[in-house]
Structure formats: C-alpha cells, structure tokens
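# Observations on the three-dimensional arrangement
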Amino acid sequence: MKLAPLALAAACLLAAAIPAHAAMPAQPALQVTTLDGKPFDLSAQRGHWVIVNFWATWCVPCIKEMPDISHFVKTHANVRAIGLAYEDSDKADIRAFLAKHPVSYPVAQVSLDDMPKDFDEPRGLPTTYLIAPDGRVARRFVGPVTGQSLGAAIGQ
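Residues numbered from 1 in each chain as written. Predicted model: local features only at pLDDT ≥ 70, side-chain atom pairs only at ≥ 80, totals over all residues. Heavy atoms only, no water.

### Some details on the overall build of the protein chain
- Counting secondary structure elements, the protein chain contains four helices and seven strands.
- For the protein chain, buried positions account for 40% of its 156 residues.
- Across the protein chain, the fraction of contacts at a sequence separation of at least 24, relative to all contacts at a separation of at least 6, is 69%.
- Of the roughly 8,900 Å² that the protein chain leaves accessible, carbon and sulfur atoms contribute 59%. (Helix = DSSP H or I, 4+ residues; strand = E, 2+ residues; numbered from the N terminus. Buried < 20%, exposed > 50% of the residue type's maximum accessible area, 1.4 Å probe, protein only. Contact = heavy atoms within 4.5 Å. Areas by Shrake-Rupley, 256 points an atom, 1.4 Å probe, with all protein chains shown as cover.)

### Some points on helix H4 (residues 147-154)
- If you check which residues of H4 are buried, you get Leu150, Gly151 and Ile154. The buried side chains of H4 occupy one side of the element, clustering within an arc of 100° when seen end-on. Along H4, the residues that are exposed and aim more than 90 degrees away from the buried face are Gln148 and Ala152.
- Packing partners of the buried residues in H4 comprise strand E3 (49-55), helix H2 (60-75), strand E4 (79-86), strand E6 (127-131) and strand E7 (137-142).
- Trailing H4 by a residue or two, glycine 155 shows a phi angle of about 95°, which is positive. (Arc of directions from axis to C-beta.)

### Some points on the pairing of E4
- Extensive coverage of E4 is indicated by the burial of seven of its eight residues.
- Where E3 and E4 come together, seven bridges link them in parallel fashion. Looking across to E4, one finds that isoleucine 51 is bridged to alanine 81.
- Pairing of E4 with strand E5 (residues 107-110), which is carried by four bridges, proceeds in the parallel orientation. What sits directly across from tyrosine 86, in E5, is valine 110.
- Chirality of the crossover, the property in question, places the unit of E4, helix H3 (residues 91-100) and E5 among those that are right-handed. (Pairing = 2+ DSSP bridges. Right-handed = clockwise from strand over helix to strand, strands pointing away.)

### Some points on the side chain of aspartate 118
- Examined against the element boundaries, aspartate 118 turns out to sit in the loop between E5 and E6.
- Since its relative accessible area comes to 13%, aspartate 118 is described here as buried.
- A distance of 2.7 Å separates the side chain of aspartate 118 from the backbone nitrogen of alanine 29, its partner in a polar contact.
- Apart from residues no more than four positions distant in its own chain, aspartate 118 is found in contact with Met24, Pro25, Pro28 and Ala29. (Polar contact = N/O pair within 3.5 Å; in protein donor to acceptor, adjacent residues only side chain to side chain.)

### Some points on unusual backbone geometry
- A cis geometry characterises the amide bond from leucine 125 onward to proline 126, with omega recorded as -5°.
- Mapping proline 126 onto the fold places it in the loop between E5 and E6.

This is the structure in structure tokens:
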C-alpha cells in the first residue's frame, strides 16, 4: 500500500509539468493577413460555416486533406475556410508549395511565436476547427478531415 502515495506524488508532479492552457473562448476571434496580403477576419464570416485548418507543408495528412477541404468549400455556398500554415518556413516557400498544391481558400502563416490568441496551440497536425454561423466552435478535429466528416459535422 506504500505504492499508492508514490503514485499519487508522481501524478501530481506530472500534472505540474504539463503546461496549463486557458480554454478557448466559445466564439474565438481570428484576424490574420493572408499570404496574398489580404486581411481575413473570422467575425466578418458570420452567417457562414468556417473551416479553420492548421497545417504544414511537411505534414503528409495535411497535404492529403487539402483537396477535400478545397472541394468542400467550392461545393457548399455557405462554407468558407482559412488555412493556417503552422510553421516557421519562409513565406516564399509556402507560396511555392501552394503553387504545387493549390487550394480554393486563403492561407495565412502562423507560428508558435505568432499563434492566434483565441486558438489553442495545435497538439498535432492537421488540426481543424469548424466554426458555426453564429461564430461558436462547433467541432474540433485532430487529424485529417474529409468532405464526409465535414458534411456530417455541419449536418448535411
């Protein structure tokens, strides 16, 4: 029975070592400048579903899901998207990547040093937030999304 206090102490030390994150607001704000120099404001998208997709050029599942997200946005008039390239690469390298893997939605670059304040830091890529027309987070996906999973989350 002496093991239980040791296990409890170890669990407390482990919990203390894991950084605490503030909960995301129910209606997160997001204002970024896209790679083409245009502003993107999540609050201006109210009335539409918005896919907020964190990805990276080196992430194979991210690359695989990009055409699905792009197609979903093109075929659903009530859906918008913003791709957030989560990496420290040079913007020119991201643009070159997008020239080979084009998408139908805007892309901005964010990094650990430049994370949108209302979004949790991704614990894995891809990470996608589906924002409802009222601006609330409807669903968070960790791992690749498909048109089918997005449609199911929206209820279509």
